[in-house]
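Next come the chains, spelled out residue by residue.
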Amino acid sequence: AGAGTHNSNVSMEELEQFSNHFNGCLQSLPTTLAQDTDILNTWKQNLLLAESTSTNDDNDKVGSVNDISDMISAIDYRISFKGAIGKALVVAEALIAKKNEYIGEL
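Definitions and limits used
Residues numbered from 1 in each chain as written. Predicted model: local features only at pLDDT ≥ 70, side-chain atom pairs only at ≥ 80, totals over all residues. Heavy atoms only, no water. Core = buried A, V, L, I, M, F, W, Y, C linked by side-chain atoms within 4.5 Å. Buried < 20%, exposed > 50% of the residue type's maximum accessible area, 1.4 Å probe, protein only. Helix = DSSP H or I, 4+ residues; strand = E, 2+ residues; numbered from the N terminus. Contact = heavy atoms within 4.5 Å. Phe/Tyr/Trp six-rings, centres within 6.5 Å; stacked < 30°, edge-to-face > 60°.

> In this structure, what is going on with the nonpolar core? I would like to understand it.
Burial of nonpolar side chains together is a common tendency in soluble globular proteins. Of all hydrophobic cores here, the largest spans eight residues; its members are Leu40, Leu47, Ala50, Val65, Ile68, Ile72, Ile75 and Ile79. When residues in this core are grouped by element, the largest group, five residues, is from helix H4 (residues 58-105). What Ile68 contacts, discounting residues up to four positions off in sequence, is Trp43, Asn46, Leu47 and Ala50. Core analysis: the second largest hydrophobic core is formed by six residues, Val10, Leu15, Leu95 and Ile96 among them.

Next comes the structure, spelled out in structure tokens:
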């Protein structure tokens, strides 16, 4: 109920500013959510390969695995960030549509 009450009190101007800002934010990023998912899958395959590859120097193997794991974590974060913004935009755009519909009924 708290979120619904808050959302109903947000002005159309604030919703449009929010939507414009975060749409622009997503568009300014170098990759899309779908691309990040593909990139993540590639890095996960790289991790499996690095873990299964035997080397003469275990320190190199551990370093490589750690580097790849760090990359996977960064991409996971990017995916979560973009997903959260996307969900917030869906809510904002639904509220804009609802307010526009209400205004049209007046």
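> I'm lost on the side chain of Lys82 in this one. Help?
Looking at the element boundaries, Lys82 is found in helix H4. Residue classification places Lys82 among the buried positions, given a relative accessible area of 5%.

> Please clarify how the packing of aromatic side chains should be interpreted in this entry.
For any pair of aromatic rings, geometry is given as the distance between the ring centres together with the angle between the planes. By the definition in use, this model includes two aromatic pairs. Ring centres 4.8 Å apart and planes at 50 degrees place the aromatic pair Phe18 and Phe22 in the tilted group. Pair noted here: Phe18 and Phe22 are both in helix H2 (residues 12-28), with a separation of four residues, about one helical turn. Residue classification places Phe18 among the partly exposed positions, given a relative accessible area of 32%. The exposure class of Phe22 is partly exposed, given its relative accessible area of 25%. Both rings, one in Tyr77 and one in Phe81, keep their centres 6.4 Å apart while their planes meet at 15 degrees; by these two values the pair is stacked. With Tyr77 and Phe81 both in helix H4 and four residues apart, the pair spans about one turn of that helix. Exposure remark for Phe81: the relative accessible area of 34% places this residue in the partly exposed category.

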